[in-house]
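Fold and contact review
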Amino acid sequence: MRIALASDHAAVELRLAVAAHLTGRGDQVDDLGCAAHERVDYPDYAARVTSAISAGSADVGVLICGTGIGMSMAANKVAGIRAALVHDATTARLAREHNDANVLCVGGRVLGPLTVLECLDAWLDASFEPRHADRLAKLHALEAR
Ligand code: RB5
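Keep in mind that this is a model prediction, so the values were computed, not measured. Sequence order sets the numbering: in each chain, residues are counted from 1 along the sequence as written. Whole-chain, interface and lining totals are the exception, using all residues; otherwise, since this is a predicted model, local features are given only for residues with pLDDT of at least 70 and side-chain atom pairs are given and counted only at 80 or more. Excluding hydrogens and water, the side-chain figures rest on all heavy atoms present in the structure.

**A closer look at the site of the ligand**
What counts, and what does not: Nearness here has a simple test: a residue counts as near a molecule or strand if at least one of its heavy atoms is within 4 Å of that partner. Two N or O atoms form a polar contact when they lie within 3.5 Å of each other; inside protein one atom must be a possible hydrogen donor and the other a possible acceptor, and for residues adjacent in sequence the pair counts only when both atoms belong to side chains. We call Asp, Glu, Lys and Arg charged. Ala, Val, Leu, Ile, Met, Phe, Trp, Tyr, Cys and Pro are nonpolar, and the rest, Gly among them, are polar.
Residues in close proximity to the ligand include D8, H9, A10, Y42, C65, G66, T67, G70 and R109, which together make up its full environment. Side-chain polar atom of D8 to an oxygen atom of the ligand: 2.5 Å apart, as the coordinates give it. G66 places a main-chain nitrogen or oxygen 2.7 Å from an oxygen atom of the ligand. Of the residues that constitute the shell around the ligand, the class distribution is 3 nonpolar, 4 polar and 2 charged.

Following this line, the structure appears as structure tokens:
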């Protein structure tokens, strides 16, 4: 899996741990920042990851900020993106099975690192259940409003 990854300044250390974990799983990680020394605006980093998915250079994305809320809001502004803010392995697995989330968002200030890694594994190891396909079509139809 080609995974585009980014965080804001609230989660740089966690992002590096996530990158190492994903690489260890055998995934191809494109770490799109931010740099450790800078304070940044999360929409800029959501834009980097979603652009990689839209361009086809990444299959999925992972976005981390303090709560995950800002990143998920920003990513879901982009057509074709289904970003899920998850809190545990169950919500992460269901984000794939029911929603086919192509971006996983987590909050580095509200989850422990082991929980975040469990979320990643649950999401990446799950499969979309096609019985939900009509709902996804309706979801994307909302982008035209
Ligand atoms: C940055 O201070 C913080 O607002 C951001 O990481 C995130 O939690 C926003 O949703």
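**Re the pattern of salt bridges**
To be explicit about the condition: The term salt bridge refers to a pairing of a side-chain nitrogen on Lys or Arg with a carboxyl oxygen on Asp or Glu at a separation within 4 Å. By the criteria applied, helices consist of DSSP H or I runs no shorter than four residues and strands consist of E runs no shorter than two, each listed in order from the N terminus. To sort residues, take the accessible area from a 1.4 Å probe on protein chains only and compare it with the maximum for the residue type: under 20% means buried, over 50% means exposed, and anything in between is partly exposed.
Under the definition given, this model contains 9 salt bridges. Of the charged contacts in the structure, one is a salt bridge between D121 and R25, with a shortest N-O distance of 2.9 Å. With D121 in helix α5 (residues 113-125) and R25 in helix α1 (residues 12-25), this pair connects stretches of sequence that are 96 residues apart. The exposure class of D121 is partly exposed, given its relative accessible area of 24%. Judged by relative accessible area, R25 falls into the partly exposed class, the value being 33%. The salt bridge involving D125 is made with R25; its shortest N-O contact spans 2.9 Å. One end of the pair, D125, is in helix α5; the other, R25, is in helix α1, and 100 residues separate them in sequence. Salt bridges linked by common partners bring R25, D27, D121 and D125 together as one network.

**Topic: the pairing of strand β1 (residues 2-7)**
Rules: A pair of strands is considered paired only if DSSP assigns at least 2 bridges between the two. Clockwise travel from the first strand over the helix to the second, with the strands pointing away from the viewer, marks a crossover as right-handed.
Among the 6 residues that make up β1, 5 are buried, leaving the element largely enclosed by the rest of the structure. Sheet topology places β1 next to strand β2 (residues 28-31); 4 bridges connect them, and they run parallel. Looking across to β2, one finds that R2 is bridged to Q28. The parallel pair β1 and β2 is bridged by α1, and the resulting crossover is right-handed. Pairing geometry for β1 and strand β3 (residues 60-65), over 5 bridges, is parallel. Within β3, the residue paired with A6 across the bridge is L63.

Fair warning: the whole summary comes from geometry, so function is off the table for now.
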